[in-house]
Amino acid sequence: MEQLVTSPDTTATARSRTSHQLLQPPEQESAAAPRRNRRMRRTFAVTALLAAGALTLSACGGDAEAGSGDGKNGQAGADAAAAKDASDAKIKVSSKDGATDASINDTGVKVSGGKLTDVKLTVADSGAPVEGAISGDGLSWKPGAQLERGTKYKLVANAKDAKGRSATENASFTTVSSANSFIGTYTPDNGKTVGVGMPVSFNFDKVIANKKDVQSHITVTSSSGQKVVGHWFGAQRLDFRPEEYWKAGSKVTMKIDLDGVQGGDGITGVQSKTVNFTIGRSQVSTVDMDTQTMTIKRDGKTFKTIPISGGSADHPTYNGQMVISEKFKQTRMDGSTVGFGGEYDIKDVPHAMRLSSSGTFIHGNYWGSPSIFGKSGTSHGCVGLQDSKGGGGDTPGKWFFDNSLIGDVVIVKGSPDKTVQPDNGLNGWNLSWSQWQSGSAA
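A quick note: this is a predicted structure, and the numbers were derived from the prediction, not measured. (Residues numbered from 1 in each chain as written. Predicted model: local features only at pLDDT ≥ 70, side-chain atom pairs only at ≥ 80, totals over all residues. Heavy atoms only, no water.)

A. Unusual backbone geometry, seen in detail. Between T187 and P188 the backbone carries a cis peptide bond, its omega angle lying at 5°. Residue position: P188 is located in the loop between β12 (184-187) and β13 (193-194). If you check the backbone angles, D299 has positive phi at about 55° while not being a glycine. If you trace the backbone, D299 turns up in the loop between β23 (293-298) and β24 (301-307). In the Ramachandran plot, H351 falls in the positive-phi region, its phi being about 50° despite a non-glycine side chain. Looking at the secondary structure, you find H351 in strand β27 (residues 345-354). (Helix = DSSP H or I, 4+ residues; strand = E, 2+ residues; numbered from the N terminus.)

B. Structural view of the packing of aromatic side chains. Applying the stated rule across the entire model yields ten aromatic pairs. Here F233 and W436 contribute two aromatic rings whose centre-to-centre distance is 5.9 Å and whose plane-to-plane angle is 70°, an arrangement assigned as edge-to-face. In this pair, F233 sits in strand β16 (residues 228-233) while W436 sits in helix α5 (residues 433-438), placing the two residues 203 residues apart along the sequence. An identical accessibility class is assigned to F233 and W436; each is buried. Linked through ring pairs, F182, Y186, F202, F204 and W232 together constitute an aromatic cluster. Residue placement shows R298 over the ring face of F303; its charged tip is 4.3 Å from the ring centre. Sitting over the ring of F401, K327 keeps its end group 4.4 Å from the ring centre. (Phe/Tyr/Trp six-rings, centres within 6.5 Å; stacked < 30°, edge-to-face > 60°. Buried < 20%, exposed > 50% of the residue type's maximum accessible area, 1.4 Å probe, protein only. Lys NZ or Arg CZ within 6 Å of the ring centre and 35° of its normal.)

C. Region of the structure containing the nonpolar core. Ranked by size, the top nonpolar core spans 31 residues in total, and within it F202, F204, V214, I218, V220, F240 and M254 carry the most contacts. Elements supplying a minimum of two residues to this core: β14 (200-204), β15 (218-222), β16, β17 (237-242), β18 (251-257) and β21 (272-279). Residues contacting F202, with those up to four places away along its chain left out, are G184, T185, Y186, I218, Q236, R237, L238, D239, F240, M254 and I256. Counting residues in hydrophobic clusters, the runner-up holds 23 residues, among them A102, V109, L116 and A167. (Core = buried A, V, L, I, M, F, W, Y, C linked by side-chain atoms within 4.5 Å. Contact = heavy atoms within 4.5 Å.)

D. Representation of the pattern of salt bridges. If you walk through the whole model with that rule in mind, you get twelve salt bridges. R165 is the salt-bridge partner of D161, the closest N and O atoms lying 2.9 Å from each other. Take R165: its relative accessible area is 16%, and that puts it in the buried class. With its nearest N and O atoms 2.8 Å apart, the salt bridge here joins R281 to D408. Here R281, found in the loop between β21 and β22 (283-288), pairs with D408, found in the loop between α4 (396-402) and β30 (409-413); they are 127 residues apart in sequence, far enough to count as distant. In the salt-bridge network here, residues are joined through shared partners; they are R332, D334, D345 and K347. (Salt bridge = Lys/Arg side-chain N within 4 Å of Asp/Glu carboxyl O.)

What follows is the structure, given as structure tokens:
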């Protein structure tokens, strides 16, 4: 029978013995013991060296003697050193990085602790640059034009502090979309001189549910000190006027502060600007349908009387106070566009001035006989003035056109027709002051 014997210092080698072989005597076994112990010590020493090597390799290149420190403290020191040498310039972009409802008006860059050196704003999709300018003191930057709605932009701003250390800020943002915003087209425009009857009129491109907040963020004031009140016509039109016509020569300021104002569920205003306009001389013209004449008063005094031809008995002219809202040296008048059949289509009507949205004009008439003016009404509701084809010459039509401003008042009386509706054109003067105030949401 064989027995398997292994050495205590290795498992790699085995000796076999047969049953007739004698085992080593005890004294021989003791003599061999020191050799085995020496082999064991050598094995333990090699193992210790390998373990030390493994520890060295796991230190990521650090000093093996720095056993008391750790990686976090080392990184913190590096971060502190970098922060100590960082630029004092702090750049702030008005539109937050990642924003999806950024303002189209207030986008800009400011810096403290330094000065801007370069700002680049581009349309993200096309890379088209948006022009802008750094302020003279180097502390701010603004685009040169209003941004587009629903457009993604990218901005990179660079600055330096007093020690010449650089700072950079990046931002990517999308302006508020057309679907989620509202704007108001308004009249009059900035810098215009208008007549004493000119209201401020807003037409919004969305239904306004939050009328109070929207109205309160539009203020209209006059150098004359007249109280100005807003009036809503439905949910998309807001007009402003004083109790009486504006004082001649006064300066009117309209401040629009709608950027960020909630107009209703899911729609936000985007407009922010100031508009200034001037009230010119006072001119109020009264058309008397009984006498077929128009009397022009300038600054309260009768200035001129002109014969006219108003609406016929079948198509009378509206009564009431009407305001000139548009002027055309020549225009086409097609009866089919205002509810008539093919009764007329005149392609070159001279000196036309709009009095209502529904098609009432005061205009030159070259096709009628001179005998009708001051005698009879022959029009389809307009007020006709004698004129010449092409608008040349010294005619009543040309004179009135040249001497009228948008915003001048034309009052019609004596017609068998009803009074024009206050929202048919810029004709809110046909409401009493109490009626006007009752339409305010503020």
